[in-house]
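If you want the building blocks of each chain, they are given just below.
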Amino acid sequence: AVLPEDKKELALYLPLTAALEEQGCRIVRPEEVKNRELSQGSFLFLSSSFHSRELFGTAESRESGFSLEVRINPLNKEQVMALLTSASAEESETAFPKLSHYGNSSRLFFQQGEIKEQQTASAENGIHLPLLKPPAGVPVPQIQDFSALLEDISRSRVIYAGETHTDYGAHLVQLQLLQALRKKLEQEGRNDGLVIGMEMFPRSSQPALDSYINGAIPTEQEFLRLSGYYDAWGYDYRMYRDIINYAKARRIPIIALNLPKDIVSTVFETGSTDELTAEQRSEVIPDRDLDLPGYRERLVQAYALHKENKEETGKSFNGFLQAQALRDETLAASIAGYLQAHPEKQMLVLAGTGHVYKDTAVPARVARRMECRQSVLIANDGQVTGREQGWRADYLLFTEKAELPPAGKIGVLLNETQKSESQPSRVEITGISPVSKADDAGLRQGDVILAVDSTQIATIGDLKTALLDKKPGETVQLNIVRQEKILNIKVELSDMEKQTVMPPMQPKK
């Protein structure tokens, strides 16, 4: 049993603690419980604490009475968690002895010892057999053209355009939505009514985004460096370039929605929030709901694919669950916070499909924070997925197949190192692709790249920016350091995407 976080509330629960101890409960203060321990047993939360808010979001509060709600432990389905609140010591003393009469109930509310509400949650039971799922269908007469769709979604405060990050067709649809919404608002005399929310930037990138949109940062290269785009996201910037340039040309604000990648990685890798630093904790949204119906089930499937693709079987599902919830709650808090501060604004949110499902992702978490109309659109190239209950959208947009021109690649593996805080970082080659021209040009493992065509290189992001518009077949000149000697090496860039089966990169001494 976890005592209230607010010590002033302790007196409300004193009639319970002695009885709980007699029944074998261990009574602890919130700070005595580690996040990783929450998956190892059943917990009773006496009033709200930071642990219960991390698991179930903002707790329900009543001004009177005594309430108890029992839920499945989101981190361990074999255990339960109970949320108990009381308005007074008298309410606790009169209601607590009666709880044993309601053993089949999952939600109870008493006033002055009298039962006022009683509910029993549905539970998994019986034998489940996998069957062939029937196909989903869309009535053809209900398919709407773009103008009708636009008329509908333009009435929403939040419009989500879900994407597959590597699908260029999806990004073209996002650009079309942005242009159409902007034009409609202009026709209504609301030229400044639209903003763009982007999952791709952590909230620390907001000053760089503001400066770039307003023209204070003159070049794209400087913007990519100051925003830390390649450190935070890493996907081909050309996917988002037209969207950001359109926003820049029309002074449409872009709002950074995400939290730093290192926070998500730490929680995923360690399995809990215990290892976060004080600075990282200051950026974490305290109220997080891991118990949304269908949320865990959806992430179980995503986790299975993640393990299969990434071969990260050592990382726990609880770490994955909490990391994803941290990201979803941060996106939702950023959206709601901005719109509450700017009631005249409407936001187009660009985020991965998994973050925009209506009832198990960000929209439900925005709804917990504010009342507003929301619309969810998912760009799709024809492969209809996610038909299970809870994976819902308002519109599926069937996109044309589109691809960016191939990018020119050097064909090397890189590592970014820094000998000391007083010295700049260095980009070192750690491997050479046998299907690139890098080996023939004379690049070797251990070479440190100083510049590309006179552009100074200190980070991997700098290198990606320098090659942003380079095409396969073009030649670049690299300034490198090898054994304390500076060399100039010309390399013909390769189209690495054509190599469908590529031998592993090998060190070249």
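The rules we used
Residues numbered from 1 in each chain as written. Predicted model: local features only at pLDDT ≥ 70, side-chain atom pairs only at ≥ 80, totals over all residues. Heavy atoms only, no water. Patch = residues over 30% accessible without salt bridge, like charges linked within 9 Å, V, L, I, M, F, W, Y side chains within 5 Å. Areas by Shrake-Rupley, 256 points an atom, 1.4 Å probe, with all protein chains shown as cover. Salt bridge = Lys/Arg side-chain N within 4 Å of Asp/Glu carboxyl O. Helix = DSSP H or I, 4+ residues; strand = E, 2+ residues; numbered from the N terminus. Buried < 20%, exposed > 50% of the residue type's maximum accessible area, 1.4 Å probe, protein only. Pairing = 2+ DSSP bridges. Axes fitted to C-alpha atoms, helices over the stretch in contact; angles between N-to-C directions. Parallel < 35°, antiparallel > 145°, perpendicular 65-115°, else oblique. Left-handed = near helix turned anticlockwise from the far one by under 90°. Contact = heavy atoms within 4.5 Å. Nonpolar A, V, L, I, M, F, W, Y, C, P; charged D, E, K, R; others polar.

What to know about a nonpolar patch on the surface
Here's step 1: There is a patch of nonpolar side chains on the surface, built from V70, I72 and V80 and spanning about 200 Å² of accessible area.
Here's step 2: One can find V70 in strand 2 (residues 66-73).
Here's step 3: V70 sits in the partly exposed class, given a relative accessible area of 32%.

A few points about the pairing of strand 7 (residues 194-202)
Along a regular strand, successive side chains alternate from one face of the sheet to the other.
Here's step 1: Counted residue by residue, strand 7 has nine buried out of nine residues, so it is predominantly covered.
Here's step 2: Pairing geometry for strand 7 and strand 9 (residues 346-352), over five bridges, is parallel. Paired with L194 across the bridge in strand 9 is Q346.
Here's step 3: Relative to strand 8 (residues 254-258), strand 7 runs parallel, the two being bridged by four bridges.

As for the sheet that holds strand 4 (residues 107-111)
Here's step 1: Pairing is mixed in the open sheet, where five strands are placed in the order 1-3-2-4-5. Of all the strands in the sheet, just strand 1 (43-46) and strand 5 (114-119) have a single pairing partner and so form its edges. Pairs of neighbouring strands in the sheet enclose a mean axial angle of 15°, with direction left out of account.
Here's step 2: Of the pairings in the sheet, the one linking strand 4 to strand 5 comprises five bridges and is antiparallel in character. For F109, the partnering residue across the bridge sits in strand 5 and is E117.

Notes on the packing of helix 13 (residues 317-341) against helix 14 (residues 362-369)
Here's step 1: Packing of helix 13 against helix 14 leaves a shortest axis separation of 8 Å and a crossing angle of 45°. Regarding the angle of helix 13 to helix 14, the classification is oblique. Classified by chirality, the crossing of helix 14 by helix 13 is right-handed. Here helix 13 contributes D328, E329, L331, A332, A333, I335, A336 and Q340 to the contact with helix 14, which in turn contributes V362, R365, V366, R368 and R369.
Here's step 2: Its residues placed into classes, the contact of helix 13 with helix 14 shows seven nonpolar, one polar and five charged.

What to know about the sheet that holds strand 10 (residues 374-380)
Here's step 1: The strand order across the open sheet built from six strands is 8-7-9-6-10-11, with neighbouring strands paired in parallel fashion. Two strands close off the open sheet at either side, each with one partner strand: strand 8 and strand 11 (395-398). On average, each strand axis in the sheet is inclined to that of its neighbour by 25°, with strand direction left out of account.
Here's step 2: Helix-sheet contacts for helix 5 (residues 168-187) involve strand 6 (158-163), strand 7, strand 9, strand 10 and strand 11, and the interaxial angle to strand 6 is about 160°.

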